[in-house]
Amino acid sequence: MKHLSILGSTGSIGTQTLDVVRMHSDSMKVEALSCGRNIDLLEKQIREFHPRIAAVCDESAAADLRVRVADTSTSIFSGMDGLIESVTLPEADIVITGIVGMIGIEPTIAAIRAGKDIALANKETCVCAGHIIMPLAKKMGVRILPVDSEHSAIFQSLMGRADSKIRKILLTASGGPFLGKTKRDLEHVTVKEALSHPTWSMGPKVTIDSASLCNKGLEVMEARWLFDVDVDRIQVLIQPQSLLHSAVEYEDGSVIGQIGPSDMRIPIQFALTYPNHIPSPAEELDFFKAGRMDFLRPDTETFRGLPLAYRAMREGGSMPCIFNAANEWANACFRRGKIHFLEIYDIIEEAMDEHVRIDSPSVEDLLAIRDDINRHFDEKYM
Ligand code: MG
């Protein structure tokens, strides 16, 4: 039996995790749920999955929920302390970090310290605090199991080959809704267009990041930490049909990859059932319908999020956090219609150019960087 705590249970990863649990209720039990403020959905989840505890980041929403579920046996917690309570619950043995953004840093670290395995979907935490969480996980003897589809594919391609030498990691990208577009085309794209992802169903933040290729930039940095490889050994390939979810090229020239349907429930489930593949809620892949698998070089002149991410990772220290914090700010601002799509890159670049790099930033440093970035750009653009 796996005992789960789901951080971000009302989001895209959280709801898909619960799909997986529904199918495997004989071997998976939900012990804790948590969300930002969507208590309508959280209440439904509490009534269906009967967790011991649930946490809501927003204090007043938590107070509301406490009244609504007074007839159940679920205890309600609130704020960052509540999130931490939910991921350190003694009865849970694995935490699915389905929360978006740097808000995941503190609960992820708390969960690792409490000895929980991590099914990591919160890539921003890995990007900003990889230098903290990876050694800590090793020290605590906990597993960091990737949920991001590409990293799950890489993880699977590495299984059982500990003594083989890697030439490179081939990180695939669909290219998003703006594949093939020029800078000129992108000047006036709308939020709605950016949210129309051709192959994956994901939350709004990651969907915009996919359109800008900032998501792929974050994933390069995530892969650097998860698999302990130099960024220059990570090559991004555009694979528009999203069939090959990523691969590893070994020194002898062999390429081992993972192919499957574009369904997040597969990598989510694999993180929970590792090392076993068992039936999943996903539909079978029809190769004859899929037909072909193309590979293209990413257009790094237009989609500058990718080269900026490589630069951030090469410079290291606090620079990946700067990239991420500026991107989080720009992404949210674009979604609110306050900036143009291409300004996302200008904002990240400006933040990186102006930042004085810190060598090995602490959690406090990382959170201070985020607050500084938010303040700086709020003043400039609002
Ligand atoms: Mg991904």
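Above: the structure in question.
This text gives an overview of the structure that appears in the document.

The rules behind each value
- Residues numbered from 1 in each chain as written.
- Predicted model: local features only at pLDDT ≥ 70, side-chain atom pairs only at ≥ 80, totals over all residues.
- Heavy atoms only, no water.
- Helix = DSSP H or I, 4+ residues; strand = E, 2+ residues; numbered from the N terminus.
- Rg over C-alpha atoms; globule rule 2.2 N^0.38 Å.
- Buried < 20%, exposed > 50% of the residue type's maximum accessible area, 1.4 Å probe, protein only.
- Areas by Shrake-Rupley, 256 points an atom, 1.4 Å probe, with all protein chains shown as cover.
- Donors = N, O, S within 2.8 Å, 3.2 Å for Na, K, Ca; no water.
- Axes fitted to C-alpha atoms, helices over the stretch in contact; angles between N-to-C directions.
- Parallel < 35°, antiparallel > 145°, perpendicular 65-115°, else oblique.
- Contact = heavy atoms within 4.5 Å.
- Nonpolar A, V, L, I, M, F, W, Y, C, P; charged D, E, K, R; others polar.
- Patch = residues over 30% accessible without salt bridge, like charges linked within 9 Å, V, L, I, M, F, W, Y side chains within 5 Å.
- Salt bridge = Lys/Arg side-chain N within 4 Å of Asp/Glu carboxyl O.
- Disulfide = S-S within 2.5 Å.
- Pairing = 2+ DSSP bridges.
- 1 Å grid on protein atoms, 1.4 Å probe; cavity = no way out; pocket = protein on both sides within 12 Å on 5 of 7 lines; lining within 4 Å.
- Points joined across faces, edges and corners; volume = space filled by probe spheres on them.
- Core = buried A, V, L, I, M, F, W, Y, C linked by side-chain atoms within 4.5 Å.
- Expected span 1.5 Å × (residues − 1).

1. Some thoughts on the overall build of the protein
Scanning the protein from terminus to terminus reveals 17 helices and 11 strands. On C-alpha atoms alone, the protein measures out to a radius of gyration of 20 Å, which is about the 21 Å that the 2.2 N^0.38 rule sets for 382 residues. Along the three orthogonal principal directions, the C-alpha set of the protein runs to about 55 × 50 × 40 Å. Sorting the 382 residues of the protein into buried and exposed places 54% on the buried side. About 16,400 Å² of surface is accessible on the protein, with carbon and sulfur atoms providing 49% of the total.

2. Here's the deal with the coordination of the magnesium ion
Of the protein atoms, only Asp148 (OD), Glu150 (OE) and Glu219 (OE) coordinate the magnesium ion, at distances of 2.1 to 2.2 Å. Mapped onto the sequence, the residues coordinating the magnesium ion show the spacing D-x1-E-x68-E. In this pair, glutamate 150 sits in helix 7 (residues 149-158) while glutamate 219 sits in helix 11 (residues 214-227), placing the two residues 69 residues apart along the sequence. Exposure remark for glutamate 219: the relative accessible area of 1% places this residue in the buried category.

3. Here we look at the packing of helix 10 (residues 204-212) against helix 11
Two elements in contact, helix 10 and helix 11, have axes separated by 5 Å at closest approach and are oriented at 95°. With respect to each other, helix 10 and helix 11 are oriented roughly perpendicular. The residues of helix 11 that touch helix 10, namely those facing Lys205, Val206, Asp209, Ser210 and Ser212, are Cys214, Asn215 and Leu218. Across the contact of helix 10 with helix 11, the residue classes tally to 3 nonpolar, 3 polar and 2 charged.

4. Structural notes on a nonpolar patch on the surface
A contiguous nonpolar surface patch, about 570 Å² in accessible area, is contributed by Ile259, Phe287, Phe288, Met293 and Phe295. Residue classification places phenylalanine 288 among the exposed residues on the basis of a relative accessible area of 81%.

5. Examining the state of the cysteines
Covalently bonding the sulfur atom of one cysteine to the sulfur atom of another cysteine gives a disulfide. Under the defined criterion, the tally for this structure stands at 0 disulfides. With no disulfide partner, cysteine 35 has as its closest neighbouring cysteine sulfur the one in cysteine 57, 8.8 Å distant. A relative accessible area of 5% means that cysteine 35 is categorised as buried.

6. Re the sheet that holds strand 1 (residues 2-7)
The strand order 4-3-2-1-5-6-7 describes an open sheet built from 7 strands, whose pairing is parallel. Of all strands in the sheet, those bounded by a partner on one side alone are strand 4 (75-78) and strand 7 (144-146). Between one strand axis and the next, the sheet turns by 25° as a mean value, whatever way the strands run. The pairing of strand 3 (residues 53-56) with strand 4 spans 4 bridges and is parallel.

7. Let's talk about the layout of surface pockets
Where empty space is left in the structure can be found by rolling a water-sized probe over the atoms. In this structure, the second largest pocket encloses a volume near 660 Å³. The wall of the second largest pocket is formed by 22 residues, among which Met134, Phe155, Leu226, Phe227 and Asp228 lie closest to the centre. Of all the secondary-structure elements, those providing two or more residues to the lining of the second largest pocket are helix 6 (123-140), strand 7, helix 7 and helix 11. Of the residues belonging to the lining of the second largest pocket, the class tally is 15 nonpolar, 1 polar and 6 charged.

8. What about the nonpolar core?
Residues Ile234, Phe323, Phe341, Ile344 and Ile373 are the most contacted members of the largest nonpolar core, which totals 114 residues. Top contributing element to this core by residue count: helix 15 (residues 319-335), with 10 residues. Setting aside residues no more than four positions away along its own chain, phenylalanine 323 makes contact with Cys214, Leu218, Met221, Gly305, Leu308, Ala309, Ala312, Ile348 and Met352.

9. Considering helix 1 (residues 12-23)
For helix 1, which comprises 12 residues, the first-to-last C-alpha distance of 17 Å matches the rise-based estimate of 16 Å (1.5 Å per residue) to within 8%. Buried positions along helix 1 lie against strand 1, strand 2 (28-35), helix 2 (39-49), strand 5 (94-97) and helix 12 (265-273).

10. Brief notes about the sheet that holds strand 8 (residues 166-173)
If you trace the 4 strands from one edge of the open sheet to the other, you get 9-8-10-11, paired in mixed fashion. Two strands in the sheet have a free side with no partner beyond their single neighbour: strand 9 (234-238) and strand 11 (255-259). Taken over all neighbouring pairs, the strand axes of this sheet differ in orientation by 20° on average, direction set aside. Sheet analysis places strand 8 next to strand 9, joined by 5 bridges and oriented parallel. The residue of strand 9 that forms the bridge with isoleucine 169 is isoleucine 234. Helix-sheet contacts for helix 7 involve strand 8, strand 10 (244-250) and strand 11, and the interaxial angle to strand 10 is about 40°.

These figures come from the coordinates and say nothing about function on their own.
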